[in-house]
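Spelled out from the first residue to the last, the chains are:
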Amino acid sequence: MRLDKFICDCTGLTRSQAGKSVRQGLVTINGELVKQAARQVADSDTVMLDGTELKLIGLRYFMLHKPAGFLCANDDPEHQTVFTLLDEPLVERLHTVGRLDLDTTGLLLITDDGQWSHRLSSPKHHVAKTYRVWTADPIPTEAISQFAEGIMLRGEKDPTKPAELEIVGEQEALLTIHEGRYHQVKRMFAAIGNKVEQLHRERIGGLQLPEDLAEGEYRILAPSELKALIN
């Protein structure tokens, strides 16, 4: 890898800023002062910028317990975003895998791996997502078969894919869907004459939100958890 690109990948500097740092004599490779931005960097090399060792970050995969009131966006003039909850370098390179509404809580995945997030978000892969839903009115038992058959949402040409509804209380249920239409869960309940009062995502694929991960907290996904997401 070229030295200037290596610096960019480690620091977030632009290519011109990285080249300027090299020309100013701020960069060493294995203790040797280097002033050629095109110099190749090997995996075993130690690169220092102004006395600080540079390390490639690599691809990152996080789970976050999203609280209400945080937006799934990199920047917003009116609301705090989920990225303000992260203490990570080059946070601007990260993105959410799908979105949760401002008032929705629960499991949110964050990464800088575009191919991985596309794999999880693409409708053709049918990655299941399970939500705990609290409603304004009692949930009728016939909703189970209605959701299993598919619900025609307002403004849509095709009904939703079959979804699994488990009623766990008069106004509480677990709903598993296999697609990600706009405000889908809220619109599905609205289509049967009910209103979602509170929504919390508990599971994506085979990955369950851990009970010990408090709202607003996040952590790196373990290899076994990465595997559970796509199996």
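Going by the structure above, here's the rest.
Residues numbered from 1 in each chain as written. Predicted model: local features only at pLDDT ≥ 70, side-chain atom pairs only at ≥ 80, totals over all residues. Heavy atoms only, no water.

**A short note on helix 5 (residues 184-191)**
Every buried residue of helix 5 is accounted for by Gln184, Val185, Met188 and Phe189. Buried positions in helix 5, seen along its axis, are confined to an arc of 130° and lie on one side of it. Contact partners of the buried residues in helix 5: strand 8 (129-135), helix 4 (142-149), strand 9 (164-169), strand 10 (172-177) and strand 11 (196-204). A positive backbone phi angle near 85° is found at Gly193, which sits one or two residues after helix 5. (Buried < 20%, exposed > 50% of the residue type's maximum accessible area, 1.4 Å probe, protein only. Helix = DSSP H or I, 4+ residues; strand = E, 2+ residues; numbered from the N terminus. Arc of directions from axis to C-beta. Contact = heavy atoms within 4.5 Å.)

**What to know about the pattern of salt bridges**
Tallying each qualifying case throughout the model produces 14 salt bridges. Where Lys186 meets Asp101, a salt bridge forms, and the shortest distance between an N and an O atom there is 3.1 Å. Of the two residues, Lys186 is situated in helix 5 and Asp101 in the loop between strand 6 (95-96) and strand 7 (105-111); the sequence distance between them amounts to 85 residues. Lys186 sits in the partly exposed class, given a relative accessible area of 23%. Assessed through its relative accessible area of 22%, Asp101 is described here as partly exposed. Between Arg187 and Glu156 there is a salt bridge, with the nearest N and O atoms lying 3.2 Å from each other. Of this pair, Arg187 sits in helix 5 while Glu156 sits in the loop between helix 4 and strand 9; the two residues are 31 residues apart in sequence, bridging distant segments of the chain. In this structure Glu156 comes out as partly exposed when scored by relative accessible area, which is 29%. Several salt bridges converge on common partners, so that one network encompasses Glu156, Glu179, Arg181 and Arg187. (Salt bridge = Lys/Arg side-chain N within 4 Å of Asp/Glu carboxyl O.)

**Focus on the pairing of strand 5 (residues 61-66)**
A regular strand places its side chains on the two faces of the sheet in alternate fashion. Here strand 5 lies mainly inside the structure; 6 of its 6 residues are buried. Burial of the side chains of strand 5 extends over both faces: Tyr61, Met63 and His65 are buried on one face and Phe62, Leu64 and Lys66 on the other. As judged from the 3 bridges shared by strand 5 and strand 13 (residues 218-220), these two strands associate in the antiparallel manner. Looking at strand 13, one finds that Leu64 is bridged to Tyr218. (Pairing = 2+ DSSP bridges.)

**Observations regarding the side chain of Asp113**
Mapped onto the secondary structure, Asp113 falls in the loop between strand 7 and helix 3 (114-121). At 3.2 Å, the side chain of Asp113 forms a polar contact with the backbone nitrogen of Gln115. Ignoring anything within four residues of it in the chain, the contact list for Asp113 reads Leu59, Tyr61 and His95. (Polar contact = N/O pair within 3.5 Å; in protein donor to acceptor, adjacent residues only side chain to side chain.)

**Quick notes on the packing of aromatic side chains**
For the structure on display, the rule yields 3 aromatic pairs. Aromatic side chains Phe62 and Tyr218 sit 5.6 Å apart centroid to centroid with 85° between the ring planes, which places their arrangement in the edge-to-face category. Here Phe62, found in strand 5, pairs with Tyr218, found in strand 13; they are 156 residues apart in sequence, far enough to count as distant. Judged by centre distance (5.2 Å) and plane angle (80°), the rings of Phe147 and Phe189 are edge-to-face. Residue Phe147 is found in helix 4, and its partner Phe189 is found in helix 5; the two are separated by 42 residues along the sequence. (Phe/Tyr/Trp six-rings, centres within 6.5 Å; stacked < 30°, edge-to-face > 60°.)

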